[in-house]
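Examination of the molecular architecture
Now for the letters of each chain:
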Amino acid sequence: MESWKENRNVFWTFAAPGTFWLLAFFIIPLGFLFFMSFGEKAVIDGQVSITEIDISGTLSNYLRAFDPVFLKIIWKSIWVSALATALCLATAYPIAFGICFAPPKWKPLLLLLVILPFWINLLIRTYALIAVFRKQGYVNSVLGWVGLGPFDMLNNDFAVITGLVYVYMPFMVLPLYATIERLDRSFLEASLDLGASQFQTFMKVTVPLTMPGIISGIILVFIPCLGSFLTPDLLGGTDSQMIGNVIERQFKSANDWPFGAALSFLLMYATFGALALRWLFSRNSKGVDV
Amino acid sequence: MTEPIVSIRNVSKKFSGGVIAVDNISFDIDQNEFFALLGPSGCGKTTLLRMISGLETPTSGQIMIGGEDMALTPPNKRPTNMVFQSYAVFPHMTVEQNVAYGLKVTGVAPDEIKRLVAEGLEMVKLTHLAERRPDQMSGGQRQRVALARALVKRPKVLLLDEPLSALDAKLRDDMRMELTRLQETVGITFIIVTHDQDEALSMASRIAVMEKGAVQQIATPVELYEHPKNRFVADFIGKVNLIDATVTGQKGKAITCDAKGLGKVELTSASQVGSAIAIAVRPEKLKIGKTEPKSDRILKLQGKVRDVAYYGDTSHVVIEGKDGLDLSVNVQNESREGGSGVERGQKVWVHWAPEDSIVLTE
């Protein structure tokens, strides 16, 4: 038997299952979609086929995506996702900070509370949000006691953004927690000792040194927000649909796979752009890396 | 007499786990002193330093700096600056930005900052590295940054937490001299925390020896070494031979006592008859002879050489006496040939003058 010390190729054996998985369930299907995005519905015997697709190399799908109707939806998806991400960051930073500075015996419990929503299906959680926000929901009944409302809190952008913040919060808290936890406290003490106020210390030392965590969190929240379709579908109104809903519709009710594929790829390119931005930031940052 | 710059009054610190880190300490530090807090790890010296800086709050007691009670003053408002053990030089700023940080956040005018930073960098000889980032620097250079960053603030008191412990031996010697020089030029009170007695002895003008949260003795280095107050101080500062003895007679200031391995000896002390004392004597005060010394006045004993350790400039000889008494003797290796002049297993006489004996009653 050959020793792994002499024949390093044996390590490829370990890589095989992962490689197979990625190939069979990611690269190949993605390749299909890529080709499909340059195709159109086949015409058989003068009739547009329901199932057959002709890969003709056309760019019409991509051109169609730049139709003002879709551009508007893409633009809306971006600002809704950006706002949701910003709210996530604003809420998650204090939470992550609080967990890091909590007594050690409380930390596991607090982290568990952050992860706990993952144990429940997303669909059920979203329906639960409907119960909270609807006209006769919990929020409105509480507001009713003090003589306010009822307000329309469902089927609008507010509901979508709230839903997205709620769903993706843990993805922001966890990378932030990881960086803040590893941040040497003596940096903060040194800043205070040198005469900086708590606020100055936060802005000039804590935030720059935890920037890699902030950027990871932003990426982890912004990308899935951009592609989300369940939350805007259930919580949003007719005008709050996002690009994810449009894509979903192409593959299902509209039965236009080539156009759905083109939109998917455009969304993916936007994501690559965001990742490139992260790379640019992290190259210049000297903080704690994640 | 001038007012003390730092005054510590009945300060205690109890941590949440019930650990008493600092136990009712009181002492004053004078203007312009190079003061050392010396003790083994866990003796509360760092906690005390952090309480002076304001990063830790005393459970009880009062800390005055420049005559003002600091109880309600947060660390960023205190006239103290600290050089951290890990240096805590900000990794996302250049050397220049690090040094300027403390001035910038307190709103010093830009021209003034520029001048002070240049001066500070000059002081620690880092002018040529102003644009560097800390991750491109050695530990010694980072420490200079931390030092400059604290000194440009012109604090009344500079606090240094184990400043030399992370440096290698050669660099440590240089930095030790550098710190002494800086303290003399800037004229700021330095308080240094260290567990290294050599560091404290060679740099400090006064030393507080701490153990288990309490101050054992505060004195000048010479005083601490030659007149330690108790066994802990004698043992912690330098090497010492401790010989247990019982006082058997007293006449005025002279006592006779029965010492382990020595028999009946006469010494000068004010101890009570019957009390247990320890005779402490430093290894370099002992002499080794091949024949019995003639004088009756001196303390002497015969023993066998058990071990000789050669250190170049000196040799450390261990002599085994009667009743299980072991004595360490430092011998200067004065000539190139022959070393310490004794060999393992040899029978020798050890003797010393009675005035070199320190009588310890606690």
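Residues numbered from 1 in each chain as written. Chains lettered and ligands numbered in written order. Predicted model: local features only at pLDDT ≥ 70, side-chain atom pairs only at ≥ 80, totals over all residues.

Considerations on the pairing of strand S12 (residues 254-259) of chain B
Covered by surrounding structure in S12(B) are B:Ile255, B:Cys257 and B:Ala259 only, the residues B:Ala254, B:Thr256 and B:Asp258 on the alternate face being uncovered. Linking strand S11 (residues 241-251) of chain B back to S12(B) in an antiparallel pair, the connection comprises two residues, with B:Gly252 at a positive phi of about 65 degrees. (Buried ≥ 20, exposed ≤ 12 C-beta atoms within 10 Å, placed from the backbone. Helix = DSSP H or I, 4+ residues; strand = E, 2+ residues; numbered from the N terminus. Pairing = 2+ DSSP bridges.)

Details of the interface of chain A and chain B
Contact with chain A, which involves 17 residues of that partner, is made by 20 residues of chain B. Those elements giving two or more residues to the side of chain A that touches chain B turn out to be helix H8 (185-193) and helix H9 (198-209) of chain A. Element by element, the count of residues in the side of chain A that touches chain B is highest for H8(A), at six residues. A per-class count over the side of chain A that touches chain B returns eight nonpolar, five polar and four charged. (Contact = placed C-beta atoms within 7 Å. Nonpolar A, V, L, I, M, F, W, Y, C, P; charged D, E, K, R; others polar.)

Quick word on the confidence of the model for chain B
In this model, chain B carries an average pLDDT of 90, and 100% of its residues clear a pLDDT of 70 or more. Two summary scores accompany this predicted model of the complex, namely pTM at 0.82 and ipTM at 0.84. (pLDDT = per-residue confidence, 0-100.)

Details of the sheet that holds strand S6 (residues 80-83) of chain B
All names here are of chain B. The strand order S6-S7-S8-S3-S9-S10 describes an open sheet built from six strands, whose pairing is mixed. Whereas interior strands pair on both sides, the edge strands pair on one side only; in this sheet they are S6 and strand S10 (214-219). In this sheet, neighbouring strand axes are inclined to one another by 20 degrees on average, regardless of whether the strands run parallel or antiparallel. Bridge analysis of strand S9 (residues 206-211) against S10 gives five bridges, and the strand direction is antiparallel. Looking at S10, one finds that Met210 is bridged to Val215. (Axes fitted to C-alpha atoms, helices over the stretch in contact; angles between N-to-C directions.)

Notes on unusual backbone geometry
Residues and elements named next belong to chain B. Even without a glycine there, the phi angle at Lys125 is positive, about 60 degrees. Lys125 gets classed as exposed once you count the C-beta atoms within 10 Å, which come to 12. You will see that Arg154, though not glycine, has its phi angle at about 50 degrees, which is positive. Along the chain, Arg154 turns up in the loop between helix H4 (139-151) and strand S7 (157-161).

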